[in-house]
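Observations on the model geometry
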Amino acid sequence: MRAKLTRPTRWLLEAFLIVGIVITVQAWRTRDAASGPVPPFETMLANGQPISPARWLERHEGSATAFYFWAEWCPICRAMEANIDAAGERWPILTVAMQSGDARQVSDHLSRRGLRWDAAIDAEGSIARRFGLQAVPALVVVDGRGEIRFVELGYTSEMGLRLRLWWAQNTGN
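Conventions used here
- Residues numbered from 1 in each chain as written.
- Predicted model: local features only at pLDDT ≥ 70, side-chain atom pairs only at ≥ 80, totals over all residues.
- Heavy atoms only, no water.
- Buried < 20%, exposed > 50% of the residue type's maximum accessible area, 1.4 Å probe, protein only.
- Helix = DSSP H or I, 4+ residues; strand = E, 2+ residues; numbered from the N terminus.
- Arc of directions from axis to C-beta.
- Contact = heavy atoms within 4.5 Å.
- Polar contact = N/O pair within 3.5 Å; in protein donor to acceptor, adjacent residues only side chain to side chain.
- Phe/Tyr/Trp six-rings, centres within 6.5 Å; stacked < 30°, edge-to-face > 60°.
- Lys NZ or Arg CZ within 6 Å of the ring centre and 35° of its normal.

Turning our attention to helix α4 (residues 103-113). Given 3.6 residues per helical turn, the α-helix brings residues three or four places apart onto the same face. Residues Val106, His109 and Leu110 constitute the buried set of α4. Each buried residue of α4 lies within a common arc of 95 degrees when the element is viewed along its axis, so the set occupies one face. Set apart from the buried face of α4 by more than 90 degrees, the exposed residues are Arg104, Ser111 and Arg112. Summarising the contacts, the buried residues of α4 are in contact with β4 (65-70), α3 (75-88), β5 (93-98) and β6 (118-122). For α4, the N-terminal cap is aspartate 102; the gap from its side-chain oxygen to the backbone nitrogen of arginine 104 is 3.2 Å. Downstream of α4 by one or two residues, glycine 114 has phi in the positive range, about 70 degrees.

Below, the structure is given as structure tokens:
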């Protein structure tokens with residue numbers, strides 16, 4: 001005769017199974033993502049200023065930072081706007097407008113949405129490809145030395161974003 005599992009034990013096993021599936025799917029989705037130092041690129045911000053990872057990291061020397069890839073046509077990206085705004089009050093976040101038009105178009109979009117983001121222009125998706133990203137939203141968290149610590153695809157909660165930045169700050173220096 002086989003022993004029956006109690007309800008809490010069954011729930012715990014199911015929770016572990018779900019977490020395992022989520023972790024496996026995330027690992028598969030980010031399998032091509034960059035690791036190590038932030039890939040180099042040169043582009044313009046929506047405000048017309050030049051930007052590169054070296055300039056961005058130098059400006060925020062020693063601080064964990066994030067590169068947030070988004071698109072104006074992405075509904076999940078719109079759902080994440082408040083999370084990015086809130087985390088951006090404490091942590092430096094360079095947003096990257098992927099395939100969302102030129103600087104004027106991105107600037108107009110940011111104005112319409114009431115966003116005051118530093119937004120790098122990635123009109124053709126070439127910056128995203130350097131990071132090994134093929135979808136938005138995507139988040140790349142970097143430690144104070146410029147090393148990639150986390151890559152996430154899809155929706156990220158404000159708490160998840162803050163915790164990743166905190167972890168990168170406290171374990172990467």
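On we go from here.
As enumerated under the stated definition, the model contains six aromatic pairs in all. The interplanar angle of 45 degrees and the centroid separation of 5.7 Å between the aromatic rings of phenylalanine 67 and phenylalanine 131 together place this pair among those described as tilted. In this pair, phenylalanine 67 is assigned in strand β4 and phenylalanine 131 in the loop between α5 (126-130) and β7 (138-142), connecting sequence segments 64 residues apart. Each member of the pair, phenylalanine 67 as well as phenylalanine 131, is classed as buried. An aromatic cluster of three or more residues is present, and its members are Phe41, Phe67, Phe69 and Phe131. Just above the ring of tryptophan 91 sits the side chain of arginine 90; from NZ or CZ to the centre is 4.0 Å.

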